[in-house]
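Spelled out from the first residue to the last, the chains are:
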Amino acid sequence: MSSRATLFALLLALAACATQAAEPIVIKFSHVVVPDTPKGKAAEYFKKLAEERSRGRVRVEVYAAGQLYQDRTEMEALRLGAVHMLAPSLAKFGPLGVHAFELFDLPYIFPNLETLHRVMDGEVGARLFAMLAERGVKGLAYWDNGFKQMSANTPLRRVEDFQGLKMRIQSSRVIEAQMRTLGAQPRVMAFSDAHEALRQGVVDGTENPLSNLATQRMHEVQKHLTLSDHGYLGYAVIVNKAFWESLPADLRAILEGAMHSATVYERGIAQEENDAALARVKAAGTTQIYVLPYKDRVIWQQALLPVHRAFEDKIGRDLLQAVYRVAAEVEKERAARPDAATPKDKPGPVRPRPARR
Ligand code: LMR
């Protein structure tokens, strides 16, 4: 080969290498809600930051509204590496064998968001993520949605109003127990099927934060909505651990930074999205809205206390005690603040019976 031909071949090879190096790493991020929700918006924001800050070294493909995987299939797809990133609600970790996440589903366990965030960002949140690591999954962040509200085609004011109602729920044993304790018949159903099941009367009612209720147009097929704040729905952003560890360390650091910024953004908009959703539901005029008064919340709370006791051992007594401790700490700090006012509109933290042993 002449020296010119050799040089040409070398240049071609270099060009091919350069093209290969420029090929971005694809991160497939799948979730089940529509883009116009706190989770949907934050997923897009993470994509933007990750692509910008990595200068194109990654491409994040966000698949919203269950278009790639739905509740029943997404965890398995993550473990197999068919999708890299998910943000399931904390109620959906049972299929992965980590039921301890269901502590977030316990009725009235979080008297305020401050307690919730301290729990997520502290020892309890870290211990839950450590449990995931044993199953090949890495937890990156906790995202908010908000407190859940009850809806049905009949008014839900007293505990007795739930008697015999078929209620769509997420796949959580705690939520199942919550509905049974209220006298309802829980029906586990994928999020994507909930609207249609309500419309056809396969189920009578459901529970969800307002942004989910409104973006799924569930209010159009539910005559009554009770603002009960009886439980919490949030998310864990998770990745396939082997995939994550295969990324160059500097890129992982960039992605962790982008995830941190997306988390701050997500937690900042979640409550606003729920407030805006309430305004939309009111404006639609399809649903009668009832604010559960404080005295009745206390009755609901007392009626649901047995659910806490029933799950003490299943979730882990020490994890639950850690949550109650944080709740008491926050309550004490709040009371000591100079501007402290008695929160008449919210029941205090759930106080379970002293541990039996
Ligand atoms: C539900 O299934 O009701 C929620 O978990 C959906 C979601 O991801 O917010």
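Please refer to the structure placed before this passage.
Residues numbered from 1 in each chain as written. Predicted model: local features only at pLDDT ≥ 70, side-chain atom pairs only at ≥ 80, totals over all residues. Heavy atoms only, no water.

**Observations concerning the site of the ligand**
Here is step 1: In the neighbourhood of the ligand, the contacting residues comprise Val32, Val33, Lys39, Ser89, Lys92, Arg168, Gln170, Phe191, Asn208, Asn212, Leu233 and Tyr235.
Here is step 2: At a separation of 2.6 Å, an oxygen atom of the ligand approaches a polar side-chain atom of Gln170.
Here is step 3: Relative to its unbound accessible surface of 270 Å², the ligand loses 100% to contact with the protein.
Here is step 4: Split into classes, the residues belonging to the shell around the ligand amount to five nonpolar, four polar and three charged. (Near = heavy atom within 4 Å. Polar contact = N/O pair within 3.5 Å; in protein donor to acceptor, adjacent residues only side chain to side chain. Areas by Shrake-Rupley, 256 points an atom, 1.4 Å probe, with all protein chains shown as cover. Nonpolar A, V, L, I, M, F, W, Y, C, P; charged D, E, K, R; others polar.)

**Here's the deal with the sheet that holds strand β7 (residues 185-188)**
Here is step 1: One open sheet accounts for six strands, arranged β7-β6-β8-β5-β9-β11; its pairing is mixed. Only two strands of the sheet have a single neighbouring strand rather than two, namely β7 and β11 (288-291). On average, each strand axis in the sheet is inclined to that of its neighbour by 25°, with strand direction left out of account.
Here is step 2: Bridging between strand β5 (residues 149-152) and strand β9 (residues 224-227) involves three bridges; their strand directions are antiparallel. Pairing of Ser151 across the sheet is with Leu225, part of β9.
Here is step 3: Of the strands in this sheet, β5, β6 (166-169), β7 and β8 (205-208) are in contact with helix α6 (residues 173-181), which crosses β6 at around 160°. (Pairing = 2+ DSSP bridges. Helix = DSSP H or I, 4+ residues; strand = E, 2+ residues; numbered from the N terminus. Axes fitted to C-alpha atoms, helices over the stretch in contact; angles between N-to-C directions. Contact = heavy atoms within 4.5 Å.)

**Brief notes about the sheet that holds strand β3 (residues 85-86)**
Here is step 1: The strand order across the open sheet formed by five strands is β2-β1-β3-β10-β4, and the pairing between neighbours is mixed. The two strands at the open ends of the sheet, each matched to only one other strand, are β2 (58-63) and β4 (137-147).
Here is step 2: Two strands pair when backbone bridges link them, and strand β1 (residues 25-30) and β3 are joined in this way by two bridges, in the parallel orientation. Bridged to Phe29 within β3 is Met85.
Here is step 3: Contacts from helix α2 (residues 38-53) reach β1, β2, β3, β4 and β10 (232-240), with the element oriented near 165° to β2.
Here is step 4: Contacts from helix α10 (residues 249-284) reach β1, β2, β3, β4 and β10 within the one sheet, and its direction differs from that of β4 by about 15°.

**Re the packing of aromatic side chains**
Here is step 1: Applying the stated criterion to the full structure yields ten aromatic pairs.
Here is step 2: With a centroid separation of 4.3 Å and an interplanar angle of 15°, the aromatic rings of Phe93 and Phe101 are classed as stacked.
Here is step 3: Owing to a relative accessible area of 1%, Phe93 belongs among the buried residues under this scheme.
Here is step 4: In this structure Phe101 comes out as buried when scored by relative accessible area, which is 0%.
Here is step 5: Ring centres of Phe147 and Tyr232 lie 6.0 Å apart, and the angle between their planes is 70°; on these two criteria the pair is classed as edge-to-face. With Phe147 in strand β4 and Tyr232 in strand β10, this residue pair connects regions lying 85 residues apart in the sequence. Here Phe147 matches Tyr232 in class, with each residue buried.
Here is step 6: A network of ring pairs unites the aromatic residues Phe104, Phe110, Phe129, Tyr142, Phe147 and Tyr232 as a single cluster. (Phe/Tyr/Trp six-rings, centres within 6.5 Å; stacked < 30°, edge-to-face > 60°. Buried < 20%, exposed > 50% of the residue type's maximum accessible area, 1.4 Å probe, protein only.)

**Things to note about α10**
Here is step 1: The terminal C-alpha atoms of α10 lie 50 Å apart, and with 36 residues this matches the ideal 52 Å at 1.5 Å per residue to within 8%.
Here is step 2: The largest bend in α10 comes to about 30°, at Ile269.
Here is step 3: Positive backbone phi, at 70°, marks Gly285, one or two positions downstream of α10. (Expected span 1.5 Å × (residues − 1). Bend = angle between axes of the 7 residues up to and from the residue.)

**A word on the nonpolar core**
Here is step 1: If you look at the biggest cluster of nonpolar residues, it comprises 59 residues, and the most contacted ones within it are Phe101, Leu103, Phe104 and Phe110.
Here is step 2: Counting residues per element, this core draws most heavily on helix α12 (residues 317-336), which supplies seven residues.
Here is step 3: Residue contacts for Leu103: discarding those within four places in its chain leaves Ile109, Phe110, Val124, Leu128, Ile315, Leu319, Leu320 and Val323.
Here is step 4: Ranked by size, the runner-up nonpolar core spans 44 residues in total, among them Val32, Trp143, Phe191 and Leu198. (Core = buried A, V, L, I, M, F, W, Y, C linked by side-chain atoms within 4.5 Å.)

**What about the packing of helix α11 (residues 294-315) against α12?**
Here is step 1: One way to put it is that α11 packs onto α12 with a least axis distance of 6 Å and a crossing angle of 120°. Taken together, the axes of α11 and α12 are oblique relative to one another. Facing α11, whose interface residues are His308, Phe311, Glu312, Asp313 and Ile315, α12 presents Arg317, Leu319, Leu320 and Tyr324.
Here is step 2: Residues of the contact of α11 with α12, tallied by class, amount to five nonpolar, one polar and three charged. (Parallel < 35°, antiparallel > 145°, perpendicular 65-115°, else oblique.)

Treat this as a map of the structure, not an account of what it does.
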